[in-house]
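Structural description and commentary
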Amino acid sequence: MKKGNRYRRQGNVKLLEKALSVRDALFSRLAVRRGAKRLRKIFLLLLLIAPICYGIYRGIAYTIEKAYSLSIERVEFASSRGFINKEHVMNMLGIEGAINMATFNASHMEKTLTDNPCIESAHIRAELPDTLSIEIEERIPIVYVEMENAAGKGQRQKLFMDPKGYLFPVMPEYHSRVMELPVWYLNSADVDKFESGSRIREELYRPITDLVTALNAYKLAQIPSVREIFRPKAWKIILTLEGGISVIMQVYDIHAQIDRLYMILEHARATGKKLSGVNVIPSINPTATFITQPDNSAESAEKEKDKNKEKRLRRR
């Protein structure tokens with residue numbers, strides 16, 4: 001068994017090194033070898049860390065560079081109703097080509113969009129490095145609204161109303177697909193100010209939204225489109241259908257009354273009769289008024305007589 005050198009133990013070596021002069025301690029073979037070994041380890045470690053550090057540096061530098069000089073390469077746009085398109089929104093925001101990510105203010109841009117009364121809500125966010133995401137939800141027009149006494153004063157103005165009673169302007173460039181809506185004529189007491197941004201009280205607009213919902217359950221071939229809606233009394237609704245048929249309703253149990261209207265219209269079509277007015281308030285035996293057809297029996301008899309005479313002449 002080989003014996004070890006008892007003087008080469010670490011403690012003894014350090015004691016010997018301390019006994020040497022500074023010059024001999026720094027330039028001794030043992031110190032040089034130890035220093036070279038440490039430098040080799042450090043060099044290998046740097047070789048491993050350097051690419052990682054460089055990659056991190058380049059990534060941070062690229063991100064900062066893109067943040068301070070962002071040229072928007074992609075805009076993701078989503079519209080809940082499809083009334084307002086991407087081009088309209090970009091024009092509202094004043095975005096033309098580039099936007100600086102460092103000065104990007106999502107809250108300000110969202111407010112710019114929701115200041116438009118046709119837009120109910122907007123959500124905007126930046127997705128690094130070069131994407132702007134825009135989501136909007138437009139207001140849904142269900143009827144036109146107009147003041148009943150405005151026509152006589154020569155001050156006719158139509159606004160849209162959404163299902164929550166909110167009034168907003170009619171914008172043909174947005175609403176070209178929904179321009180054929182009924183007109184609800186308001187009384188002077190129905191709204192404080194007839195202007196965009198006003199709201200109608202719920203007890204007034206709720207029967208109208210229920211009416212639109214009930215009508216949408218039927219096709220136009222089953223129930224003609226509604227042209228005008230009046231509320232002469234708090235409990236009463238009068239509709240004017242396409243073709244001039246007048247329908248009297250009440251504000252309660254709207255869906256059942258529309259079902260009765262459908263059955264009356266279906267009966268009139270089956271019997272060939274033409275309606276002029278309907279009262280669907282009674283749940284049993286609702287009333288219907290028909291247009292009286294002119295009696296052409298005498299004229300028909302005369303035509304039949306002429307035909308018979310012509311037949312007799314041919315036989316001769």
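Everything numeric in this text was worked out from a predicted model, so none of it was measured.

1. What to know about the environment of Ile140
By the element assignment, Ile140 lies in the loop between strand 3 (131-138) and strand 4 (143-147). Given the relative accessible area of 27%, Ile140 is considered partly exposed. For the pair Ile140 and Glu120, spaced 20 residues apart in sequence, the C-alpha to C-alpha distance is 9.2 Å. Beyond its immediate sequence surroundings of up to four residues, Ile140 is in contact with Arg81, Phe83, Met161, Asp162, Pro163 and Phe168.

2. Quick notes on the pattern of salt bridges
Where charged atoms from two side chains of opposite charge approach closely, those side chains can pair. In this structure the tally under the stated criterion is 13 salt bridges. Two residues, Arg125 and Glu127, come together in a salt bridge whose shortest N-O distance is 3.0 Å. For Arg125, a relative accessible area of 38% gives the class partly exposed. Between Glu242 and Arg227 there is a salt bridge, with its nearest N and O atoms 2.4 Å apart. One end of the pair, Glu242, is in the loop between strand 9 (236-241) and strand 10 (246-250); the other, Arg227, is in strand 8 (residues 226-233), with 15 residues separating them in the sequence. Judged by its relative accessible area of 40%, Glu242 is partly exposed. Members of the salt-bridge network, linked through shared partners, are Arg125, Glu127 and Glu135.

3. Some thoughts on the nonpolar core
Core analysis: the largest hydrophobic core is formed by 40 residues, its most contacted members being Val145, Met161, Trp184 and Ile258. At 7 residues, the largest contribution of residues to this core is made by helix 8 (residues 202-215). Those residues in contact with Ile258 that sit more than four places away from it in its chain are Leu211, Ala214, Leu215, Tyr218, Ile223 and Met249. Counting 26 residues, the second-largest nonpolar core is a separate cluster that includes Phe83, Cys118, Phe160 and Leu181.

4. So, the sheet that holds strand 3
Spatially, the 3 strands line up as an open sheet ordered 1-3-2, and their pairing is mixed. Of all the strands in the sheet, just strand 1 (74-79) and strand 2 (119-127) have a single pairing partner and so form its edges. Within this sheet the neighbouring strands show an average axis-to-axis angle of 15°, counted without direction. Of the strand pairs in this sheet, strand 2 and strand 3 are connected by 8 bridges, and their pairing is antiparallel.

5. Structural notes on the packing of aromatic side chains
Using the criterion set out here, one finds 4 aromatic pairs in the structure. Ring geometry for Phe160 versus Phe168: centroids 5.7 Å apart, planes at 45°, classification tilted. Summarising the burial analysis for this pair, Phe160 and Phe168 share the class buried. Consider the rings of Tyr185 and Phe230, whose centres lie 5.0 Å apart with planes at 10°: the pair is stacked.

Criteria and cut-off values
Residues numbered from 1 in each chain as written. Predicted model: local features only at pLDDT ≥ 70, side-chain atom pairs only at ≥ 80, totals over all residues. Heavy atoms only, no water. Helix = DSSP H or I, 4+ residues; strand = E, 2+ residues; numbered from the N terminus. Buried < 20%, exposed > 50% of the residue type's maximum accessible area, 1.4 Å probe, protein only. Contact = heavy atoms within 4.5 Å. Salt bridge = Lys/Arg side-chain N within 4 Å of Asp/Glu carboxyl O. Core = buried A, V, L, I, M, F, W, Y, C linked by side-chain atoms within 4.5 Å. Pairing = 2+ DSSP bridges. Axes fitted to C-alpha atoms, helices over the stretch in contact; angles between N-to-C directions. Phe/Tyr/Trp six-rings, centres within 6.5 Å; stacked < 30°, edge-to-face > 60°.

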